[in-house]
Amino acid sequence: GSGLVDTADFTFIYANFLEESEANCCGLPLMGNGPRTEISIAELQQMGLGELVTADLNADGWLNQEDVALFLSGVLPNPQPAPQPMPKPMPKQPRPGQEINLDQTVEQPDMGMGNSR
């Protein structure tokens, strides 16, 4: 997926809403309680699908047909802010007597005092 909840996602949900699941690997229908008509936001987050929370258009804690109806009437999800890149760390300034040229000795060039050789 694109990482966004948009018209394509709602179109898929609308077209497949209340559809039965596919047959299992042996061609037999899957056993269960039938199609789900709603899922809680907490359950979505437990399943690692927290990005779908924006589809809860009425903010009632459930993703269901009310949210689909709202979308079809023109209500759109609130856009999520784009992730901000982490700032680059500032380079450390050498302290007096700090080894800079990695020759295992602290010399005048390491301390900004010119050449020692």
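You'll find the structure just up there.
Owing to the predicted nature of the structure, the values given are computational and were not obtained by experimental measurement.

Student: So what exactly am I meant to see when it comes to unusual backbone geometry here?
Tutor: Residues other than glycine predominantly adopt negative phi, and peptide bonds predominantly adopt the trans conformation. One non-glycine residue, alanine 59, lies in positive phi territory at about 55 degrees. Inspection of the secondary structure assignment puts alanine 59 in the loop between helix 2 (41–46) and strand 2 (62–64).

Student: Before we go on, may I ask you to explain the environment of asparagine 78 in this structure?
Tutor: Mapping asparagine 78 onto the fold places it in the segment after helix 3 (65–72). Of the residues examined, asparagine 78 reaches a relative accessible area of 62% and is grouped as exposed. Spatially, the C-alpha atoms of asparagine 78 and leucine 57 are 8.3 Å apart, while their sequence positions differ by 21 residues.

Student: Can you help me understand helix 3 in this one?
Tutor: Turn by turn, an α-helix covers 3.6 residues, leaving residues three or four places apart pointing in a common direction. For helix 3, the full list of buried residues reads Asp67, Val68 and Phe71. Seen along its axis, helix 3 keeps its buried residues to an arc of 100 degrees; they face one direction. The secondary structure elements touched by the buried residues of helix 3 are helix 1 (7–16) and strand 2. Between the side-chain oxygen of the N-cap and the backbone nitrogen of glutamate 66 there are 3.1 Å, and the N-cap of helix 3 in question is asparagine 64. Glycine 74, located one to two residues past helix 3, shows a positive phi value of around 110 degrees.

Student: Sorry if this is basic, but what is going on with the nonpolar core here?
Tutor: The tendency in soluble globular proteins is for nonpolar side chains to be buried side by side. The biggest cluster of nonpolar side chains holds nine residues, and these are Val5, Phe10, Ile39, Ile41, Leu44, Ala55, Leu57, Leu63 and Phe71. Beyond its immediate sequence surroundings of up to four residues, phenylalanine 10 is in contact with Val5, Ala55, Leu57, Asp67, Phe71 and Pro77.

Student: So what exactly am I meant to see when it comes to the packing of helix 1 against helix 3 here?
Tutor: For any two helices packed against each other, the geometry comes down to the angle between their axes and how far apart the axes lie. Helix 3 packs onto helix 1 with a crossing angle of 125 degrees between their chain directions and a minimal axis gap of 11 Å. Viewed along their axes, helix 1 and helix 3 adopt a mutual orientation that is oblique. Helix 3 is crossed by helix 1, and the crossing has left-handed handedness. Across from Thr7, Phe10, Ile13 and Tyr14 in helix 1, the residues of helix 3 making contact are Asp67, Val68, Phe71 and Leu72. Looking at side-chain class alone, the contact of helix 1 with helix 3 contains six nonpolar, one polar and one charged residues.

The rules behind these values
Residues numbered from 1 in each chain as written. Predicted model: local features only at pLDDT ≥ 70, side-chain atom pairs only at ≥ 80, totals over all residues. Heavy atoms only, no water. Helix = DSSP H or I, 4+ residues; strand = E, 2+ residues; numbered from the N terminus. Buried < 20%, exposed > 50% of the residue type's maximum accessible area, 1.4 Å probe, protein only. Arc of directions from axis to C-beta. Contact = heavy atoms within 4.5 Å. Polar contact = N/O pair within 3.5 Å; in protein donor to acceptor, adjacent residues only side chain to side chain. Core = buried A, V, L, I, M, F, W, Y, C linked by side-chain atoms within 4.5 Å. Axes fitted to C-alpha atoms, helices over the stretch in contact; angles between N-to-C directions. Parallel < 35°, antiparallel > 145°, perpendicular 65-115°, else oblique. Left-handed = near helix turned anticlockwise from the far one by under 90°. Nonpolar A, V, L, I, M, F, W, Y, C, P; charged D, E, K, R; others polar.

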